[in-house]
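# Survey of secondary and tertiary structure
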Amino acid sequence: MSRYLLVRLGQSAITLLLASMVIFLGVRMLPGDPALAMAGEEATPERLAMIRADLGLDQPVWVQYGRFLAEVASGDLGESTRTGASVTSMIGATLPVTLWLSLYAIVVAVVTGVALGLLAERYRGRWPEWVANAAALTSLSVPNFWLGMLAILYLCVGLGLFPASGYVPLTDDPVAWLVHLTLPALILGTGLAAVIMRQTRASMIEAMRTDYVRTARAKGLGRTRVLLRYGLRNSLIVVVTIAGLQLGGLISGAVVTEQIFALPGFGKLTLDAVFQRDYPVIQAVVVLTTVGYVLVNLAVDVLYSVIDPRIRVGGRSS
């Protein structure tokens, strides 16, 4: 197991280094001049040159990249060229909102998707399966932004069941925090729940046709017990794969949901930084998103080896 982890850690480090190069060069290729955005349209050439010198934009690209790596390694993400505030503090204020929203949406998606997948397989060819398939197809077909607007119109404004916008930190009021995040998490998790449901159902059907399941049934075990004990465990790899890969996608893809429900999250910070050509903030948010993707994939690989030891490198546990 330790060898497996070392190999995966090495691959993750190489991935992060290559991603940092792409991020750095990609940000520099964005149209517009951050110095001009800071100084304004009426700025003098001397003022622009001074700002570029302060930002290090007058140095060679390789020097700027080395400085960028050194700052990331030290945890110093610089200051916003738009507000002058610390990028670390800006991210610290917005990232928890998106993380909580994404984790909540993942929990909703996994619980709902696995439950519907089990239901569809258990009652295959009967009306519960048809209902589960119809719900999954509807969730996949309806865009999140449209579903969110309908939810605000009918559930928030019409029935008053949820607040239409805003966010309350967990430390201030846990109940209000949960209430404000519930509807956005439900909207964000519907599409993922449909994918998990269909994949769980397909994996369960395949698992129930294996020889060891037939042997268990021949020994007198009931269908529901076999379904939960053997079929579900073999389907967990699919669920872990989808949930792990989609968690990173939810963190970066929660922008629309945050805009609809006016949540002060990572997405709003990213959009503002892009529009204002705020290089330090853009680099920081993309780096953190990349690190999140890599760490989630690493965690998924480790979970693979726990669920199915055959996946471990060389078939050894040490």
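In this text the structure is predicted, and so the values were computed from the model without any measurement.

Another point: the overall build of the chain. Per the secondary structure count, the chain includes 13 helices and 0 strands. Each helix (α) and strand (β) of the chain, taken in turn from the N terminus, gives the series α-α-α-α-α-α-α-α-α-α-α-α-α. The buried share of the chain, reckoned over its 318 residues, is 38%. In the chain, of all internal contacts separated by at least 6 residues, the share reaching a separation of at least 24 is 74%. Total accessible area on the chain stands at roughly 16900 Å², and carbon and sulfur atoms take up 66% of it.

Take the packing of aromatic side chains next. This structure, assessed with the given rule, holds 1 aromatic pair. Ring centres of W100 and W177 lie 5.2 Å apart, and the angle between their planes is 80°; on these two criteria the pair is classed as edge-to-face. Of this pair, W100 sits in helix α5 (residues 87-122) while W177 is found in helix α8 (residues 174-207), placing the two residues 77 residues apart along the sequence. A relative accessible area of 34% means that W100 is categorised as partly exposed.

A few words now on the environment of L263. By the secondary structure assignment, L263 is in the loop between α11 (255-260) and α12 (266-275). Separated by 96 residues in the primary sequence, L263 and Y167 place their C-alpha atoms 5.9 Å from one another.

So, on to the nonpolar core. Membership of the largest hydrophobic core comes to 39 residues, with the highest contact counts inside it found for L101, L192, I196 and L263. For this core, the elements supplying multiple residues, two or more each, are α5, α7 (144-158), α8, α9 (211-218), α10 (223-253) and α13 (279-307). Here this core takes 10 residues from α8, the largest share from any one element. Each residue touching L192, except ones within four places of it in the same chain, is listed here: I106, A109, I242, Q246 and L250. Counting 11 residues, the second largest nonpolar core, distinct from the first, contains L269, V281, I282 and A284.

Glancing now at the pattern of salt bridges. Evaluation of the coordinates by the stated rule reveals 1 salt bridge. Among the salt bridges present, the one from R201 reaches E129, with a minimum N-O distance of 2.5 Å. Taken as a pair, R201 in helix α8 and E129 in helix α6 (residues 127-141) lie far apart in primary sequence, 72 residues in all. Its relative accessible area of 22% is what places R201 among the partly exposed residues. Exposure remark for E129: the relative accessible area of 5% places this residue in the buried category.

The rules behind the values
Residues numbered from 1 in each chain as written. Predicted model: local features only at pLDDT ≥ 70, side-chain atom pairs only at ≥ 80, totals over all residues. Heavy atoms only, no water. Helix = DSSP H or I, 4+ residues; strand = E, 2+ residues; numbered from the N terminus. Buried < 20%, exposed > 50% of the residue type's maximum accessible area, 1.4 Å probe, protein only. Contact = heavy atoms within 4.5 Å. Areas by Shrake-Rupley, 256 points an atom, 1.4 Å probe, with all protein chains shown as cover. Phe/Tyr/Trp six-rings, centres within 6.5 Å; stacked < 30°, edge-to-face > 60°. Core = buried A, V, L, I, M, F, W, Y, C linked by side-chain atoms within 4.5 Å. Salt bridge = Lys/Arg side-chain N within 4 Å of Asp/Glu carboxyl O.

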